[in-house]
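Observations on the model geometry
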Amino acid sequence: MSQQAANTESSIDALLRPHVRTLVPYSTARDEFTGEAQIFLDANENPYPSPVNRYPDPHQRELKAVLAKRLELSPEQIFVGNGSDEAIDLLVRAFAAPGDRIVVMPPTYGMYAVAARSHDVEVLPVPLGEGFLPDEDAIERAHTSNDKLLFVCSPNNPTGNLIAPDTIERLAARFPGIVVVDEAYIDFSDGPSALTLLSGNERLVILRTLSKAWGIAGARVGIALGHRSMIRALDTLKAPYNVNSLSQRCALDRLAAAGEVLSQLAELKRERTRMAAELKKLDSVVHVFPSDANFLLVRFRESGRLFRGLQAQGIIVRDRAREPGCDGCLRISLGTPGENTRLLTALEELQ
Ligand SMILES: *Cc1c(COP(=O)(O)O)cnc(C)c1O
């Protein structure tokens, strides 16, 4: 079962599309030079200073060093992308050819299917079962050799529940392709991350993002964590300057302000508890699903009418009623305490 990562060729190489295995990445001007320099005449940049007259570091070395320390990984195990959406797209490109399939577990994040279809890769939906947990037997039954990636979103968007590392470990043992664990919301959870599984499973890749808890959605900085061979493949496929220098700087500044982020997280978690309790008191609410994320999935008696009523008052939530297992459900992000109270007042008035 467990592979000897150190002395054998990684199992990832065998799973990569053959042309990716041998692809030579574009070599940037800054790749061809290492050392100290005073005059850069190698990249056709405008020499006159502006905040961004130079190309960004294509390898995001400073950012990866900070992330590596924080995550207790080596920089070679970290990919930084233009949002984790870029990592999703690259993972599909690296492992699935047109006609191959990815496996998703709806209701879940929609980008997995969109990324797959954009590359003419098919999507096999195996709906989440009881308690929005993976139906492990159904995945194994439906699985064919064309299924290259399994996407596990934990905590899951839009249901909010965490998938336990034990479950992910079993899924990885039964699914022979790449298992992608999207932990976009893990910072909001008190439960365990799947990060501890990385060292024992080469076929696992974990996605993180600075868009949610870290508060820089506009900068577009996402992260993939995995085996060196996995990260090397993503780096080979990415555009050379995929993360611009303003975004790299923004991410570094934000990581340096971790204390501020932690106190925001604490407040958001308090609001999650308060909002779940207050929403349960409303007659229009049928069920508030437990959440390990910064949103609540709420089943209402008349979700369509409430959705439109909120919108008319300028309050926008996400209508998830058409997702499997989510009849009558709206997904409500946690805002500031004031915003949350306004939502409650609006819902009281509408019922
Ligand atoms: C928001 C979200 C992302 C997108 O992250 P970016 O880094 O902003 O691209 C990824 N996965 C899930 C489940 C999300 O909800």
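Cut-offs applied
- Residues numbered from 1 in each chain as written.
- Predicted model: local features only at pLDDT ≥ 70, side-chain atom pairs only at ≥ 80, totals over all residues.
- Heavy atoms only, no water.
- 1 Å grid on protein atoms, 1.4 Å probe; cavity = no way out; pocket = protein on both sides within 12 Å on 5 of 7 lines; lining within 4 Å.
- Points joined across faces, edges and corners; volume = space filled by probe spheres on them.
- Helix = DSSP H or I, 4+ residues; strand = E, 2+ residues; numbered from the N terminus.
- Nonpolar A, V, L, I, M, F, W, Y, C, P; charged D, E, K, R; others polar.
- Pairing = 2+ DSSP bridges.
- Axes fitted to C-alpha atoms, helices over the stretch in contact; angles between N-to-C directions.
- Contact = heavy atoms within 4.5 Å.
- Parallel < 35°, antiparallel > 145°, perpendicular 65-115°, else oblique.
- Left-handed = near helix turned anticlockwise from the far one by under 90°.

Before going further, it helps to examine the layout of surface pockets. What the largest pocket holds in volume is close to 370 Å³. In terms of lining residues, the largest pocket is bounded by 18 residues, among which Arg70, Leu71, Asp187, Arg208 and Trp214 are the most central. Among the elements of the structure, α3 (61–71), β6 (204–209) and α10 (258–280) are those that each provide at least two residues to the lining of the largest pocket. With five residues, α10 is the single largest residue contributor to the lining of the largest pocket. Its residues placed into classes, the lining of the largest pocket shows 11 nonpolar, three polar and four charged.

Once that is clear, we can look at the sheet that holds strand β5 (residues 178–182). With respect to topology, seven strands assemble into an open sheet ordered β1-β7-β6-β5-β4-β2-β3, the strand pairing being mixed. One side of each edge strand has no neighbouring strand; the edge strands of this open sheet are β1 (78–81) and β3 (122–125). Neighbouring strand axes in the sheet, compared pairwise and without regard to direction, differ in orientation by 25° on average. With four bridges connecting them, strand β2 (residues 101–104) and β3 associate as parallel partners. Residue pairing in the sheet places Ile102 in a bridge with Val123 of β3. Helix-sheet contacts for helix α7 (residues 165–174) involve β4 (147–153), β5 and β6, and the interaxial angle to β4 is about 175°.

A word on the packing of helix α11 (residues 303–312) against helix α12 (residues 337–350). Closest axis-to-axis distance for the α11/α12 pair is 10 Å, and the angle between their directions is 125°. The orientation of α11 with respect to α12, classified from their angle, is oblique. Between α11 and α12 lies a crossing of right-handed hand. In this structure, α11 uses Arg305, Leu306, Gly309 and Leu310 to contact α12, whose residues at the interface are Leu343, Ala346, Leu347 and Leu350. The residue inventory of the contact of α11 with α12, partitioned by class, reads six nonpolar, one polar and one charged.

Everything listed here is a matter of coordinates, which is why it stays silent on function.
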